Each structure stands twice: as C-alpha cells, then as structure tokens.
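Residues per chain are reported as follows:
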Amino acid sequence: MLKKYLLAFMLIFAFSSSTQAESSGYEELSRPQPTQNPDKVEVIEFFWYGCPHCYSFEPALSEWLKNKPENVEFIRIPAVFSKLWGKHAKAYYTAEALGVVDKVHADFFDAIQNKRQKLTSEDDLADFFAAHGVDKQAFHEAYNSFLVDAKLRQAQAMAPRYGVTGVPAIIVNGKYKVTASLAKSQDNMINVMNELIKKESAK
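What you see is a predicted model, and the numbers here were worked out from it, not measured in a lab. (Residues numbered from 1 in each chain as written. Predicted model: local features only at pLDDT ≥ 70, side-chain atom pairs only at ≥ 80, totals over all residues. Heavy atoms only, no water.)

A.B. asks: I keep staring at the environment of I190 and nothing clicks. Help me out?
C.D. replies: Along the chain, I190 falls in helix α9 (residues 186-201). If sequence neighbours within four positions are ignored, I190 has contacts with F57, A60, L61 and W64. (Helix = DSSP H or I, 4+ residues; strand = E, 2+ residues; numbered from the N terminus. Contact = heavy atoms within 4.5 Å.)

Below is the structure:
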C-alpha cells in the first residue's frame, strides 16, 4: 500500500512540475550549475549552425543582444550531439580563438542554411574564413590548437549538465532552461528570458 501511495505522489509531483514549466515558459534545473562570474546574470545559448530553428531564432536574439542589460554576461555554446555538430562547434571555437565571431557568425549560418554549404572539412572552413579576411595559416593554427580542442571537449559535456536535449535552448544563471516548446514560441523565449533576468537581478 505504501508503494502505491509513493508512486501516486511521484506521478502527481511530476505532472505538477511539468504543468508549472509549461505555464511559466521555463523549466527550473534540478541541479543548478555554477556561473562563470557571480557578479553577473549569466545567459547561455546552446545552438547548432545546422539547426533551422536556431537560424530563425538568431534575428530576435541578435536584436536582444544590442540592448541587453549591463549586468548580463552572454555566452554561446555550440551543442555537440554528433560528429557533424562537433565539426561546426570546432569552427565556432576557431572563430572565437581568432576573435572573429562577430564577423563570421551570421554568414556561417547563412552559408549552411541558405547556400547549403556543408563546411565540415578543414580546407573548406579555411576558404570560408579567408573570405572573411582571416589569414589561412592563422586559421589552421587556431583550428588545430590545444585551446580549440579543449573548448570542444568542454562543449561536449555542457549540454548534459544543463539537461539540454535540443536547440535552441537558453540557460539563465545556471538555474532555468528556456526553449520554444516551454515558452510556446521563439518570440516568447526572449520575454521569458527577460523576466528571469529581472528575477535574478533582484537578488
């Protein structure tokens, strides 16, 4: 009998948590994660260049970034759920190492989503970066650097830590996960994110 009551309680709790997440537009992480800077409200975006939903979310996110609160630290993390995702993640971290993320990020999305370029081989990526003013030798050195490999290995472990199984996904201050399914739309993801930032800023 005790087992039946316990099972019923667990089912009710799970349903209640799911309903609350759907109504609030976010999900509270069962295991909050530490942030890089405790003096800032950390906002992380998990994404993949091959994801059409990430591509459609990018304009709204870019607009938000133009006027993000000063106490917010924004971090992009390329999700790595397969070998292909890993290749694109490595391209992102190479751009980061070279200091050209702002220069290539939108065009990399466009190349994959609209121009249907694969951009998975080192040579193809070198050509892409060169077209954006990056010296090919500098690209190859960064692409094969210990720093980029370390960042890639770290990214592979990050999504499971935050309970991220799809993209785009937003993590606010290591505590809350926001997705389009939870927020009901990509536009509302921004609204929910802003409310959570206010909530964390007030602490």
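A.B. asks: It is not clear to me how the sheet that holds strand β1 (residues 27-28) should be interpreted in this structure. Could you clarify?
C.D. replies: Spatially, β1-β5-β4-β2-β3 is the arrangement adopted by the five strands of the open sheet, whose pairing is mixed. Bordering the open sheet on either side are β1 and β3 (72-78), each of which pairs with just one other strand. Across four bridges, the pairing between strand β2 (residues 41-47) and strand β4 (residues 169-172) is antiparallel. Its bridge partner being in β4, V43 is matched across the sheet by V172. This element, helix α3 (residues 83-98), spans β2 and β3 of the sheet and lies at about 140 degrees to β3. Along the sheet, helix α7 (residues 146-162) contacts β2, β3, β4 and β5 (176-179); its crossing angle with β2, the most-contacted strand, is approximately 110 degrees. (Pairing = 2+ DSSP bridges. Axes fitted to C-alpha atoms, helices over the stretch in contact; angles between N-to-C directions.)

A.B. asks: Where do I start with the packing of aromatic side chains in this structure?
C.D. replies: What the rule picks out here adds up to 16 aromatic pairs. With centroids separated by 4.2 Å and ring planes inclined at 15 degrees, the aromatic side chains of W48 and W85 adopt a geometry described as stacked. One end of the pair, W48, is in the loop between β2 and α2 (52-66); the other, W85, is in helix α3, with 37 residues separating them in the sequence. On the basis of an interplanar angle of 75 degrees and a centroid distance of 5.9 Å, the ring pair of F128 and F129 is categorised as edge-to-face. On the basis of relative accessible area, F128 is assigned to the buried category, the value being 9%. Each member of the aromatic cluster is reached from another via a ring pair, and the members are F47, Y49, Y55, Y92, Y93, F108, F109, F128, F129, F139 and Y143. If you follow K90 out to its NZ or CZ, it ends over the ring of Y143, 4.2 Å from the centre. (Phe/Tyr/Trp six-rings, centres within 6.5 Å; stacked < 30°, edge-to-face > 60°. Buried < 20%, exposed > 50% of the residue type's maximum accessible area, 1.4 Å probe, protein only. Lys NZ or Arg CZ within 6 Å of the ring centre and 35° of its normal.)

A.B. asks: Even after reading the chapter, I still don't get the pattern of salt bridges, so can you show me in this structure?
C.D. replies: Opposite charge on two side chains permits pairing when their charged atoms draw close. For the coordinates displayed, the defined rule picks out ten salt bridges. One salt bridge connects E27 with K177, and the closest N-O pair in it is separated by 3.5 Å. A residue pair is termed long-range when its members are at least 10 positions apart, and E27 in strand β1 and K177 in strand β5 qualify at 150 residues. Overall, K177 belongs to the buried group, its relative accessible area being 11%. For K151, the salt bridge goes to E96, with nearest N and O atoms at 3.5 Å. With K151 in helix α7 and E96 in helix α3, this residue pair connects regions lying 55 residues apart in the sequence. (Salt bridge = Lys/Arg side-chain N within 4 Å of Asp/Glu carboxyl O.)

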